[in-house]
Amino acid sequence: MNEYFQGAVKQLIERGQLLISMIPTGLSREFHRLEDTCRARLTDVLDDLNKLTNDPRMLLPLNQRERLRQFKRAIWQMDLLETVCIAALERAKDSDKHLNRLVERIRIEIAYPMLPPVVTPLSQSYFQTYPKFNLMLVPLSEGHFLLHLPDLYHELAHPLLMARYDRRVQPFQDAFIDVLDGVTRYIEGELEREKRGGGPALLTLYLQQWLRCWMLNWTTEFFCDLFAVYTLGPAYAWSHLHLSATRGENPFTIPTVNSSMTHPADAARMTAILQGLQLVGFAAEATQIDIRWNDLVAASGTAADADYRRCFPKRIIDMIAEKSLAGVRDMKCRIAAPDTSTVVHRALNGAWTEFWRSPATYAEWEKAAVENLRVECAKNP
Amino acid sequence: MSQIAMYSGVYDEIREYAELLDKVLMDLKGGTSGPQDENRQRLAELLTSLATPGAGDLSIRVISFLLRDDAGVDPAELAKIGKLLKATSADNSMIEPLERLAQSLQQEQAVTMARMRMRG
């Protein structure tokens, strides 16, 4: 393997150096932290690669498995840095300063306990966050509209679940772990029931697949949804309805043996969102949204079946809503209330109020509202 | 959150521990490892947590879950190795099960990478 590593590592080091040289100069201040992270991580990868050929221990036959594993990890890191970080920095010049100011304003309004991520309009697949890079990607034109901006609050919750050694976010993470334990107990109980009843093997495989989804993805998504509900209020529920109407599939979809789902079913998410709204004093709004949601479901010609209800039991969803609320409260974040009247909160909730008040004229109204929000966010808070 | 962003998070959870494990394995094989080594202490903590249901932070729980149906990973054996790592000098009997754990983590990383590439 030595010859292979000599050639491949040298070529990868060239690639890493090229990537460092591709980081644009003169980036604006909000990108400095990302640039720093990117440089540091690329340097670490290059150091690791150098060790693969220069560290005498790496040449020993008994260490070749470790060497190959380290080589693969270095390649993956470089791939991610290239496709996410370098790409984001390259697009930094087109960045929408408004979106960065907006996220900073949200951070202040809701007493977000961490630094805000840098926002760049690079996304080709809706909103996404890379907590390790403190980077949020949004679609190119999103800063010119209001109806999907509530999703910024959802994205802000992801880093809260990945931060380590930070006591401020511990209550949220503790609540998350409680929920994971509750979900595990529930599904393991169902698995036990199947075993005792001698039911079809397929159902056991379904339950195992659901547990995997709950553990790795779904609980996170529910927590991020509810963080958005608790810190923003009804606008997030409307935004979810909008997303489901425009981009969603069957809202009652559950994964089968050969399919996986990174996000819970849209209907289950809406159930959690509505429960969350009720818990913080938006019962009337939750009723209105529920009516519109049922209209949408009826129009889609879909309905919940027994497997859906088993996969997303209401009592589990209610537990998530309660525990995540305690977590958000104990982080000392501001919980939205009907009388909350800060700039971004007012703008995003107001947009949905206006949308339903006068759907035909909303698009025209929105232009002025976006401009007004830009002006407000440019001022010192 | 997009699928690629989500899988990158899972990968990151695994990577840190996979790196730690490989470092300790090389030290054990090279006979340069002592019970007070920081990496060895951290690995001992990880192994103990993996073997204790409901223990550890979020990343430990993710890894524990991913490995729970892996036939090559025996939690009781890992707990025993965790104790040995804290208490004694290197013992070759630790290497084989740790190597199996490293292979399992590598496999989980490969699966996660494949998912990212499929959807990326």
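None of these values were measured; they are calculated from a predicted model.

Is there a simple way to think about the overall build of chain A in this case?
From N to C terminus, chain A includes 14 helices and 3 strands. The C-alpha radius of gyration of chain A comes to 23 Å, within 12% of the 21 Å expected for a compact globule of 381 residues. Each principal axis of the C-alpha atoms in chain A carries an extent, and together these give about 70 × 65 × 40 Å. For chain A, buried positions account for 56% of its 381 residues. Sequence separation of at least 24 residues holds for 76% of the intrachain contacts in chain A that already meet a minimum separation of 6. When the 44 basic and 46 acidic side-chain charges of chain A are each reduced to a single mean position, those positions are 4 Å apart.

Please clarify how the interface of chain A and chain B should be interpreted in this entry.
Bring the parts together and some accessible area is lost; that lost area is often taken as the interface size. In this assembly, 42 residues from chain A lie in contact with 42 residues from chain B. Taking both sides of the interface into account, the surface hidden between chain A and chain B amounts to around 3,800 Å²; carbon and sulfur atoms contribute 54%. Per-residue buried area on chain A facing chain B is highest for A:Arg69, A:Arg73 and A:Trp76; these three make up 20% of the total on that side. Remark: the boundary between chain A and chain B carries 10 salt bridges. Between A:Glu188 and B:Arg68 there is a salt bridge whose closest N-O contact spans 3.0 Å. The tally of links between chain A and chain B comes to 10 residue pairs in polar contact (both at pLDDT 80 or more). Of all elements in the fold, only α3 (64-90), β2 (128-130), α5 (151-162), α6 (170-197) and α7 (201-232) of chain A reach the threshold of two or more residues within the side of chain A that touches chain B. Looking at the side of chain A that touches chain B, the element that brings in the most residues is α3(A), giving 10 residues.

Whenever I open this one, the packing of α7(A) against helix α3 (residues 58-67) of chain B confuses me. Can you help?
Axis angle and axis distance: for two packed helices, these are the angle between their axes and the distance between the axes, and together they describe the pair. Running from N to C, α7(A) and α3(B) point in directions that differ by 160 degrees, and their axes come no closer than 10 Å. The orientation of α7(A) relative to α3(B) falls into the category roughly antiparallel. The crossing of α7(A) and α3(B) is left-handed. Here A:Leu211, A:Arg212, A:Met215 and A:Leu216 of α7(A) come into contact with α3(B), specifically with B:Val62, B:Phe65 and B:Leu66. Tallied by class, residues from the contact of α7(A) with α3(B) come to 6 nonpolar, no polar and 1 charged.

Is there a simple way to think about the packing of helix α2 (residues 32-54) of chain A against α3(A) in this case?
Residues and elements named next belong to chain A. Remark: α2 packs on α3, axes separated minimally by 10 Å, with the N-to-C direction vectors making an angle of 155 degrees. Here α2 is positioned roughly antiparallel relative to α3, judged by the angle of their axes. Relative to α3, α2 is oriented so that their crossing is left-handed. Here Leu-34, Glu-35, Cys-38, Arg-41, Leu-42, Val-45, Leu-46, Leu-49, Leu-52 and Thr-53 of α2 come into contact with α3, specifically with Arg-67, Gln-70, Phe-71, Ala-74, Gln-77, Met-78, Leu-81, Cys-85, Ile-86, Ala-88 and Leu-89. Its residues assigned to classes, the contact of α2 with α3 comprises 15 nonpolar, 3 polar and 3 charged.

It is not clear to me how the pattern of salt bridges should be interpreted in this structure. Could you clarify?
Opposite charge on two side chains permits pairing when their charged atoms draw close. Residue and element names in this part refer to chain A. If you walk through the whole model with that rule in mind, you get 32 salt bridges over all chains. Of the charged contacts in the structure, one is a salt bridge between Glu-194 and Arg-310, with a shortest N-O distance of 2.8 Å. Remark: Arg-310 occurs in helix α11 (residues 306-311) and Glu-194 occurs in helix α6; sequence separation between them is 116 residues. For the pair Glu-194 and Arg-310, one class covers both residues: buried. For Asp-225, the salt bridge goes to Arg-269, with nearest N and O atoms at 2.7 Å.

Before we go on, may I ask you to explain the side chain of A:Gln64 in this structure?
Considering the arrangement of structural elements, one finds A:Gln64 in helix α3. Residues within four places of A:Gln64 in sequence aside, it is in contact with A:Met1, A:Phe5, A:Met58 and A:Leu59.

Can you walk me through a nonpolar patch on the surface in this structure?
Residue and element names in this part refer to chain A. There is a patch of nonpolar side chains on the surface, built from Met-1, Tyr-4 and Leu-68 and spanning about 300 Å² of accessible area. Along the polypeptide, Met-1 turns up in the segment before α1 (2-21). Relative accessible area serves as the criterion here: at 53%, Met-1 is assigned to the exposed category.

I keep staring at the nonpolar core and nothing clicks. Help me out?
Generally speaking, a soluble globular protein has its nonpolar side chains buried in company with each other. Residue and element names in this part refer to chain A. One finds Trp-214, Phe-227 and Phe-312 to be the most contacted residues of the largest nonpolar core, which totals 130 residues. When residues of this core are assigned to their parent elements, the largest contribution, 18 residues, is made by α7. Sequence-distant contacts of Phe-227, defined by excluding residues within four places in its chain, comprise Ile-110, Tyr-112, Tyr-153, Leu-156, Ala-157, Leu-160, Phe-172, Val-328, Met-331 and Cys-333.

What is the right way to look at the pairing of strand β3 (residues 135-139) of chain A in this model?
In summary, the side chains of a regular strand alternate between the two faces of the sheet. All names here are of chain A. Judged by how many residues are buried, β3 sits mostly within the fold: 5 of 5 residues are covered. The two faces of β3 match: Leu-135, Leu-137 and Pro-139 on one face and Met-136 and Val-138 on the other face are all buried. Between β2 and β3, which pair antiparallel and follow one another directly, the connecting turn spans 4 residues, one of which, Asn-134, has a positive phi of 50 degrees.

Conventions we followed
Residues numbered from 1 in each chain as written. Chains lettered and ligands numbered in written order. Predicted model: local features only at pLDDT ≥ 70, side-chain atom pairs only at ≥ 80, totals over all residues. Heavy atoms only, no water. Helix = DSSP H or I, 4+ residues; strand = E, 2+ residues; numbered from the N terminus. Rg over C-alpha atoms; globule rule 2.2 N^0.38 Å. Buried < 20%, exposed > 50% of the residue type's maximum accessible area, 1.4 Å probe, protein only. Contact = heavy atoms within 4.5 Å. Lys, Arg positive; Asp, Glu negative; His and termini not counted. Charge placed at Lys NZ, Arg CZ, Asp CG, Glu CD. Buried area = accessible area lost by both parts, 1.4 Å probe. Salt bridge = Lys/Arg side-chain N within 4 Å of Asp/Glu carboxyl O. Polar contact = N/O pair within 3.5 Å; in protein donor to acceptor, adjacent residues only side chain to side chain. Axes fitted to C-alpha atoms, helices over the stretch in contact; angles between N-to-C directions. Parallel < 35°, antiparallel > 145°, perpendicular 65-115°, else oblique. Left-handed = near helix turned anticlockwise from the far one by under 90°. Nonpolar A, V, L, I, M, F, W, Y, C, P; charged D, E, K, R; others polar. Patch = residues over 30% accessible without salt bridge, like charges linked within 9 Å, V, L, I, M, F, W, Y side chains within 5 Å. Areas by Shrake-Rupley, 256 points an atom, 1.4 Å probe, with all protein chains shown as cover. Core = buried A, V, L, I, M, F, W, Y, C linked by side-chain atoms within 4.5 Å. Pairing = 2+ DSSP bridges.

Remember, this is a structural readout, not a statement about activity or role.
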